[in-house]
Amino acid sequence: MTQNFSDQQLKYWIENDDPWLLNEAQKLRRQWYGDQVYVRGLIEFSNYCKNDCYYCGIRCGNNMARRYRLTPQQIFDCCREGYELGFRTFVLQSGEDPFYDDDTLCRIVSGIKERHPDCAVTLSVGEKERKSYQAFFDAGADRYLLRHETADEAHYEKLHPVEMSYQNRMRCLRDLKEIGYQTGCGFMVGSPYQTVDTLWEDLQFIRRLKPQMVGIGPFIPQKDTPFGTETAGTMEMTLRLLSIIRLIHPHVLLPATTALGTIHPKGRELGILAGANVVMPNLSPVAVREKYKLYDNKICTGDEAAECRFCMQKRMESIGYQVAVNRGDFQP
Ligand code: SAH
């Protein structure tokens, strides 16, 4: 179900606070998901990346990044710990690291599903051929996150080197959806060269794709990247966009992201109150946390998984919401 609001209305909401918008988003969020907040255990298993996206701290051109990889066994250990803490979804995220070929990724996915058949596995490992996506799906992967970054081709080209293509990113999202993944797209708020028009295109794109998930968070500069001295996106605009997305696509799984928690101490709570219904505490081993640095000042890099889990629970309870111990699937 998507509702039709005029282009003018959407553009107004991108730039201006409207209490009606916030209220309506919160109402819809409660209507579909009650007071439940879904949690995902995020495992950042490699920060090697073959891409060179201008905004990203783990881009291959960043010689300052200290690189690491987790072994399949280390990933299984994170999942076991996460399971005990009540996580029923594991999100495996990494740079585009060819070290993990299709067979290895399939073994990791099926290994998790064998150990925890009641859990969902989400992959976020970038652009692949359709046959790879199919293989991961057949191995048991349930969901796939691939932010489109921007739905405006010219804008896309300003954020990425020539080797990367907008068309291929879109092809990937179509393939993922057709294969049957619960699919997530998304973008950064306040990325360099973003305008109200490109954001409006992002909203149109969401209306067309009808993804089960949308991940958005503020752009935050990472000092060793080409965008290291650009200004960060704002919390206010991120919150407004969360509300707009809830409004145009009411059932969507919408995280209050770590980046939102990074630019404001109560960012994630405010995100939930603006219409988000998912949080993704970090399950990566503390020894590597600091190294998965897409942007500067990332929060929670020193906390054990259990601390993150209970800190999140307290945060959600403080605003009248409950952390759900279930897979937290899309409700069609
Ligand atoms: N390589 C995978 C996943 C890792 S990057 C992929 O391409 O999908 C995950 C997301 O982090 C990116 O899609 C991007 O939107 C976001 N990100 C990267 N650099 C960022 C920055 N400097 N500030 C905020 N978000 C950033």
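Please refer to the structure higher up on the page.
Quick summary incoming for the structure in this document.

Rules behind the numbers
Residues numbered from 1 in each chain as written. Predicted model: local features only at pLDDT ≥ 70, side-chain atom pairs only at ≥ 80, totals over all residues. Heavy atoms only, no water. Near = heavy atom within 4 Å. Polar contact = N/O pair within 3.5 Å; in protein donor to acceptor, adjacent residues only side chain to side chain. Areas by Shrake-Rupley, 256 points an atom, 1.4 Å probe, with all protein chains shown as cover. Nonpolar A, V, L, I, M, F, W, Y, C, P; charged D, E, K, R; others polar. Pairing = 2+ DSSP bridges. Helix = DSSP H or I, 4+ residues; strand = E, 2+ residues; numbered from the N terminus. Axes fitted to C-alpha atoms, helices over the stretch in contact; angles between N-to-C directions. Contact = heavy atoms within 4.5 Å.

1. Re the site of the ligand
Contacts to the ligand come from 18 residues, most closely from Tyr-55, Ser-94, Arg-147, Glu-149 and Ile-220. In the environment of the ligand, an oxygen atom lies 3.4 Å from a nitrogen or oxygen atom belonging to the side chain of Arg-169. Interatomic distance of 3.3 Å between a backbone N/O atom of Leu-294 and a nitrogen atom of the ligand. In isolation the ligand offers 550 Å² of accessible surface; the protein chains occlude 91% of this area. Residues of the shell around the ligand, tallied by class, amount to ten nonpolar, five polar and three charged.

2. Observations concerning the sheet that holds strand 4 (residues 120-124)
Taken in spatial order, the six strands line up as 2-3-4-5-6-7 in an open sheet, and their pairing is parallel. Each edge of the open sheet carries a strand with a single partner, namely strand 2 (41-46) and strand 7 (213-218). Direction aside, neighbouring strands of the sheet carry axes that sit 20 degrees apart on average. Across two bridges, strand 4 lies against strand 5 (residues 143-145) in parallel orientation. Of the residues in strand 5, the one forming a bridge with Leu-123 is Tyr-144. Its contacts with the sheet put helix 7 (residues 166-179) on strand 5 and strand 6 (182-189), and the angle it makes with strand 6 is roughly 150 degrees.

3. Notes on the sheet that holds strand 9 (residues 322-324)
In any sheet, the strands associate via hydrogen bonds between backbone groups, in a parallel or an antiparallel arrangement. Strand order in the open sheet made by the three strands is 8-1-9, with parallel pairing throughout. Either end of the sheet is taken by a strand with one partner, and the two such strands are strand 8 (278-279) and strand 9. Pairing between strand 1 (residues 36-39) and strand 9: three bridges, direction parallel. Across the sheet, residue Val-37 finds its bridge partner in strand 9, namely Val-323. Of the strands in this sheet, strand 1, strand 8 and strand 9 are in contact with helix 13 (residues 305-318), which crosses strand 9 at around 130 degrees.

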